[in-house]
Structures are given as structure tokens and as C-alpha cells.
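Topology and contacts: notes
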Amino acid sequence: MNLAAIWTVAKKELIDLFRDRKTMALGLFMGPVLIPAMFLGVGALAEKRVRTQLESTLELPVVGAEHAPNLVAFLESRNIDILPPPADPDRAVRDQEHDLVLRIDPEFGEQWRGSRAAKVELVYDSSRQDSQIPVSRVRGVLTEYSRTVGVLRGIHRGISPEVAFAVQIGQRDVATPEARRGMLLAFLPYLLVLFSFLGGAALVIDVTAGERERQSLEPLLATPAPRAAIMSGKILAACLFGMLSLLLIVVSLKLSFQLAPGPMRMVDVSVPVMAQLLLVLLPMVLVGTTLLTLIAASVKSVKEAQSYMSVLMFLPMVPTIVLMVNPVKTQLWQFAVPFLAQNQMILKLVRSEAITAQEWLVYLGAGFGAGLALWLLAARLYHREKLAISA
Amino acid sequence: MILLENLHKSFRGKAGTVHAVKGVGFEARDGEITGLLGPNGAGKTTTLRMLYTLMAPEQGRIEVDGIDVAKDPTAVRRRLGVLPDARGIYKRLTARENIAYFGRLHGLDEATIRARTEAMAKTLAMDDFLDRRTEGFSQGQRTKTAIARALVHDPRNVILDEPTNGLDVMTTRGLRGFLRELRDEGRCVVFSSHIMQEVAALCDRIVVIAHGEVRAIGTPDELRAMTGLPDLEDVFVRLAGLEGDAA
């Protein structure tokens with residue numbers, strides 16, 4: 001392989017790009033500005049919502065409050081404001097006028113006095129994120145009330161309160177504090193993968209399809225430099241640019257997590273972790289660049305190449321969506337599947353989980369293997385007669 | 001020294017297969033300027049593209065200085081200086097950087113590149129724009145940059161596809177002088193044109209191409225004698241068989 005030619009081409013492409021100030025600035029600085037902004041912005045919003053919903057006074061419309069004055073008084077003592085009920089509770093919840101409505105059965109009093117289970121009903125919409133916290137708050141208060149009364153009744157009849165609980169459920173959440181923070185960062189992998197995968201897209205498309213359109217590819221390919229070397233030089237330039245842009249993203253992530261308020265501050269952004277993050281993203285840069293080179297070498301115009309972009313932007317989203325709908329256990333094969341593998345690796349890093357040597361091996365082997373396969377395919381396309389001829 | 005024998009090339013398009021080159025063959029000797037003359041769409045550019053190894057002929061053979069293009073295209077590209085129909089110079093690089101880029105791809109060292117650039121800039125009168133970025137160059141400045149870039153490695157054989165296209169009178173004159181110099185240095189110069197006067201003013205031998213076939217080969221005087229016509233334009237129209245086309 002002709003290393004001098006590869007470096008000559010790569011250097012020229014980088015000079016050419018860096019003289020195009022606007023394109024260069026957009027490619028280099030958009031990620032480092034946007035990603036932390038989104039993170040800290042969205043993170044702060046989520047934090048604020050959770051805090052206000054947990055701590056503020058909850059407004060709860062109650063149907064039939066008159067049937068259970070004790071229960072209502074208990075609710076009020078737990079920082080819940082009782083509102084008069086809407087005419088149609090189901091509809092009010094569906095129309096999002098209220099997050100939830102409590103309905104107390106008219107027979108509540110009678111059942112209560114007969115020491116039977118008295119009926120109450122929670123009306124809510126489980127598909128709405130916003131109702132989750134209020135529903136669990138009210139449910140918790142109702143359970144507490146039910147337990148308290150049940151225990152008192154038992155004691156009253158000389159029965160140990162423990163008789164009423166055949167099974168006692170203890171809960172132990174094994175999520176590490178780091179992992180819980182990881183949930184906040186669920187979409188970090190997508191953004192990082194997207195930027196490493198397509199961060200250099202404009203450059204990659206330009207150096208092949210654009211150069212062809214500007215008709216400068218024909219004289220270039222008439223030089224004695226091997227076509228594979230010319231293509232590799234272009235790929236190298238795009239990879240270097242992509243890595244520089246990623247480095248800036250990682251540095252800006254590090255700084256913003258260090259300066260961020262709240263739990264975000266606790267994310268491990270030490271230099272070794274950030275270096276691992278870069279290593280994880282490296283195969284993605286190669287795969288993205290070679291795939292785009294392949295596309296750019298096979299299409300007729302820059303416009304045609306660009307129309308592939310929306311599909312490509314969707315690709316890194318697939319594992320995030322699949323994992324959200326159908327969470328799977330981490331298994332070794334997952335580290336060989338493009339996009340899914342990146343997703344898993346980044347999550348592990350963010351959650352401060354150990355990555356085994358075997359996982360690294362499978363991951364890097366599969367990532368660079370895919371890059372190499374695409375590189376070979378692209379090199380084949382570069383040898384096509386049609387590539388050089390633009391008009 | 002360039003030898004083309006019985007070249008064939010066709011393209012498949014939406015409207016069916018176009019047989020662009022049908023059995024073109026000629027010889028271009030060292031120390032001579034050979035003109036490839038033909039109307040638009042005659043197959044000149046396709047023939048030249050096969051010569052400078054960008055396209056493979058379906059049939060036929062090309063030799064440059066005795067090297068078969070099909071066997072060793074890289075060696076052939078080293079011996080050729082090519083100015084394609086598409087000039088394609090990089091607008092964010094200066095003229096000098098454009099030339100140096102190709103010099104490096106030809107494997108030249110920096111000192112040679114510098115010396116060659118100075119020499120070419122002098123002969124082509126490029127000094128006042130050599131270190132400017134090529135964005136906004138005039139057609140003449142762009143062509144000069146592309147020619148200097150094509151010849152940076154001092155090739156024995158020079159191929160120029162319609163070099164005078166879009167140039168004004170003085171630039172064209174300067175370019176003719178430059179091509180004669182190349183010839184007098186003993187190089188093999190091939191250039192294509194669709195203008196008879198252009199070819200007649202410069203060429204030692206003319207190859208007339210029309211509809212993908214060679215119609216005639218000879219000096220301007222031989223072609224006049226062949227047709228019995230005194231006016232070169234009439235000679236061209238007759239040889240290329242364009243009379244029917246015009247009507």
C-alpha cells in the first residue's frame with residue numbers, strides 16, 4: 001500500500017476542509033455544544049418535575065368524599081388537597097384535566113362498618129408519563145391507610161397484626177447510585193453514536209461524490225496513485241476529522257458534567273473513562289466513514305447521497321428503541337451487533353460497570369471487522385469505470 | 001510514442017446501447033503534434049479516456065512508449081501528462097498547491113516539485129496568480145493551472161482534451177507556442193479539438209474522427225489533396241461527412 005499517497009490525499013482533504021471555515025466549524029463544534037446543552041437542559045427539567053411532583057401538594061378530585069370522611073382526613077394529612085369531583089371522571093382523566101381521580105364507593109361506609117374490604121377506585125391513564133408519580137403517591141397513602149386500619153382492627157380483636165400478612169415483601173433495590181444516574185442518561189448512547197457515525201458525513205460525501213460532481217475526480221484518478229490509496233486517504237481524513245470532533249464532544253461532556261448541578265455531577269468523567277469512551281466510539285467513526293464512502297461512490301450525485309442520510313440517522317436509534325420496548329439481558333453476542341454493541345458499551349461505561357476483556361475483544365473485533373469489510377467493498381466500487389466520469 | 005489499434009467502446013443508456021467508438025486507431029509520434037479533430041460527440045473524449053486508462057476498451061489495444069495500457073496502467077499513467085475535458089482544479093487551494101498535490105501523487109520530492117512549478121509558471125506566465133487560491137480564477141488562469149498540474153512530472157507524452165476551449169485569442173496564442181515548445185523538446189503531443197483552424201495552425205498530423213470512426217489521417221496538405229478542396233473547413237466538413245447533418 002502506498003502510504004505516501006494516502007497521507008498526501010488525507011492532508012490535502014484536511015487543508016481543503018479547514019479552509020472552508022463554516023463547514024468546518026459546524027462539523028466540529030455543533031456536537032460539543034448541542035449534546036451537553038441537551039443533556040443538562042433535559043436533565044434539569046426532569047429533575048425539577050420529579051421534585052415538584054413529589055414534594056408539592058397533590059390535588060386530588062374525589063368522587064363520594066362524603067362516604068369516607070376518615071379516609072379523606074387521612075389523605076389531607078398526607079399533603080393531598082381534596083377537590084370536588086368532575087362530572088365525568090373517566091372523561092376528565094382522558095382529556096387530561098386531571099392526572100387521576102379517586103372514586104369512593106357509595107357502599108364504603110356500610111362495608112367499613114361490617115369490617116369487609118371497602119372499595120375505592122383510582123381512575124388514571126397509565127400511558128401518560130405525567131400521572132406516574134401522583135398515582136404512586138396516592139396508592140402509597142391508600143395502602144398505608146389500609147394497613148393502619150387493618151392492624152388496629154386485629155389488635156382490637158386480640159389477633160396479632162402479623163396474621164393479616166401472609167407474605168411480607170421487603171424491597172431491596174440493587175441499582176447502584178451510578179446505575180440510577182445511568183437511567184437519566186439513557187439517550188446519551190444514541191447521541192454519541194449518531195455523532196461518531198455521521199459526524200463527518202458532509203466531508204465524506206463531499207470528497208467522493210462532491211469531487212466527482214466538481215469534475216476534479218477525473219484528473220485525480222489519472223495520476224499514477226492507486227485508487228485504493230486515494231480512497232484510503234479520503235477515509236483517513238474523514239476519520240481524523242471525526243475523531244477530533246468526538247474528542248471535543250467528550251471534553252465538553254466532561255466539563256459540563258463537572259459543572260452541572262444535582263446528581264449529574266456524580267457521573268464518572270475521569271480521564272480513563274473518557275479514554276475508554278473514545279475507544280468505544282472509534283470503530284463507529286470507521287464504520288460510518290467507510291459506509292458513507294461506499295454510498296458516495298455508488299450514487300450519481302451529492303443529492304442522491306444525502307437522501308440516504310435520514311435512513312442512516314435512524315439506524316443508531318433502533319437498538320435504543322428495541323431495548324426500551326423489550327429490555328434484554330446483556331449477553332456476549334450483543335457486543336458484535338453494530339449500534340446495539342455501542343449502546344451496551346456506553347451504558348456500561350456510564351453506569352460504571354466493569355467491561356470484561358472478552359467483551360472488549362468481541363466489541364473491537366466486530367467493529368473494526370465491519371469497518372474493514374466496508375472499506376474493501378468501497379475500494380471495489382472505487383475501481384468502477386463510472387466513478388471517474390462525471391459528464 | 002502512442003499507438004492505438006482498433007478501439008471499441010459502447011455505453012448502455014436508457015435509450016439503448018450507444019456505440020461511441022468503433023474501431024478507432026492511429027499513431028502519435030514523438031516530436032510531433034497530433035490533432036484529434038471531430039465534431040461534438042464524435043468519440044474524441046472517450047478515445048482519450050481509454051488512452052489515459054480511465055476506461056477500458058471492449059476491444060483493441062493501446063501502447064504508450066511500448067507499454068500495453070491493459071497490462072500496466074500505472075506505468076502508463078506515469079508517462080502521460082493529461083489535461084482532461086474536466087479541468088477540476090481545487091478552489092480552496094492556491095495554484096501552486098494544486099500543482100504540488102499532483103506532484104506528490106506522482107511521487108516527486110519537494111525540491112523537484114518546486115523547481116518544476118517555477119519553470120512551468122514561467123513558461124505559462126502564471127507568476128501573478130501562482131500563490132492565489134483558484135476560486136475566482138478566469139478560464140485562462142484555470143486552464144493554465146490545470147496544464148501545469150498535468151505536466152508537473154515532466155511526462156514524455158502529453159494529452160490535452162480541447163485545451164483551447166473558452167480561451168481568448170492571446171491566451172490561445174500563448175498556449176500554441178507552449179505546445180510547439182513541448183514538441184520541439186521531442187515529446188509526443190496529442191490534442192483534441194472541434195475547430196479545424198485550431199488544428200491546422202498547430203498540428204503536424206491530423207486524425208479526423210466522426211461517428212466514432214477515423215475518417216482520414218494526414219498532414220493538412222495531404223487532407224486538402226485528398227478531398228481536392230482548398231478551404232480547410234470545407235475539407236473537415238467533407239471528411240467528417242457533416243454535409244448531410246447540416247441539411
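Computed from a predicted structure; not experimentally measured.

1. Concerning the overall build of chain A
On a plain count of helices and strands, chain A comes out with 18 helices and four strands. Compactness check: chain A gives a C-alpha radius of gyration of 30 Å against a globular reference of 21 Å for 391 residues, more than 25% above the reference. In terms of its C-alpha atoms, chain A occupies a principal-axis envelope of roughly 100 × 45 × 35 Å. Each of the 391 residues in chain A was classed as buried or not, and the buried ones make up 35%.

2. Examining the sheet that holds strand S4 (residues 120–124) of chain A
Residues and elements named next belong to chain A. Pairing is mixed in the open sheet, where four strands are placed in the order S2-S1-S3-S4. Two strands close off the open sheet at either side, each with one partner strand: strand S2 (80–83) and S4. Between one strand axis and the next, the sheet turns through 30 degrees on average, direction left out of account. Both strand S3 (residues 100–104) and S4 contribute to a ladder of five bridges, which runs antiparallel. Within S4, the position partnered with Leu100 by the bridge is Tyr124. Where helix H6 (residues 132–156) meets the sheet, its contacts fall on strand S1 (58–63), S2, S3 and S4, and the angle it forms with S4 comes to roughly 170 degrees.

3. Some details on the domain arrangement of chain A
Considered domain by domain, chain A is made up of domain 1 (3–39 + 185–388) and domain 2 (55–175). If you average the C-alpha positions of domain 1 of chain A and of domain 2 of chain A, the two centres end up 52 Å apart.

4. Structural notes on the packing of helix H12 (residues 271–298) of chain A against helix H17 (residues 357–382) of chain A
Residues and elements named next belong to chain A. Look at H12 against H17: their axes get within 8 Å of each other, and the N-to-C directions meet at 20 degrees. When the axes of H12 and H17 are compared, the pair comes out roughly parallel. When the axes of H12 and H17 are compared, the crossing they make is left-handed. Residues Pro283, Leu286, Val287, Thr290, Leu291, Thr293, Leu294, Ala297 and Ser298 of H12 form the contact with H17, whose own contacting residues are Leu364, Gly367, Phe368, Ala370, Gly371, Leu374, Trp375, Leu377, Ala378, Leu381 and Tyr382.

5. Focus on the sheet that holds strand S5 (residues 67–68) of chain B
Residues and elements named next belong to chain B. Taken together, four strands build an open sheet; the order of strands is S2-S1-S4-S5 and the sheet is antiparallel. Edge positions in the sheet fall to strand S2 (16–28) and S5, since each has one partner strand and no second. Here helix H1 (residues 44–51) sits on the sheet and contacts strand S1 (2–13), S2 and strand S4 (59–64); the angle it forms with S1, its principal contact strand, is near 115 degrees.

6. A closer look at the interface of chain A and chain B
If you look at the interface, chain A gives 20 residues, while chain B gives 20 residues. When contributions to the side of chain A that touches chain B are tallied by element, the ones reaching two or more residues are helix H1 (3–19), helix H10 (217–221) and helix H18 (385–388) of chain A. Ranked by residues supplied to the side of chain A that touches chain B, first place goes to H1(A) with five residues. In terms of residue class, the side of chain A that touches chain B is made up of eight nonpolar, five polar and seven charged.

7. Here's the deal with the packing of helix H3 (residues 95–105) of chain B against helix H5 (residues 139–150) of chain B
To characterise two packed helices, one gives the angle between the axes of the helices and the distance between these axes. Residue and element names in this part refer to chain B. The interhelical angle for the contact between H3 and H5, taken along N-to-C directions, is 25 degrees, at an axis separation of 8 Å. Between H3 and H5, the crossing angle belongs to the class labelled roughly parallel. In terms of crossing hand, the pair formed by H3 and H5 is right-handed. Along its contact with H3, which presents Ala95, Asn98, Ile99 and Phe102, the element H5 presents Thr145, Ala148 and Arg149. Among the residues forming the contact of H3 with H5, the class breakdown is four nonpolar, two polar and one charged.

What counts and what doesn't
Residues numbered from 1 in each chain as written. Chains lettered and ligands numbered in written order. Predicted model: local features only at pLDDT ≥ 70, side-chain atom pairs only at ≥ 80, totals over all residues. Helix = DSSP H or I, 4+ residues; strand = E, 2+ residues; numbered from the N terminus. Rg over C-alpha atoms; globule rule 2.2 N^0.38 Å. Buried ≥ 20, exposed ≤ 12 C-beta atoms within 10 Å, placed from the backbone. Pairing = 2+ DSSP bridges. Axes fitted to C-alpha atoms, helices over the stretch in contact; angles between N-to-C directions. Contact = placed C-beta atoms within 7 Å. Domains from an automatic or database assignment. Parallel < 35°, antiparallel > 145°, perpendicular 65-115°, else oblique. Left-handed = near helix turned anticlockwise from the far one by under 90°. Nonpolar A, V, L, I, M, F, W, Y, C, P; charged D, E, K, R; others polar.

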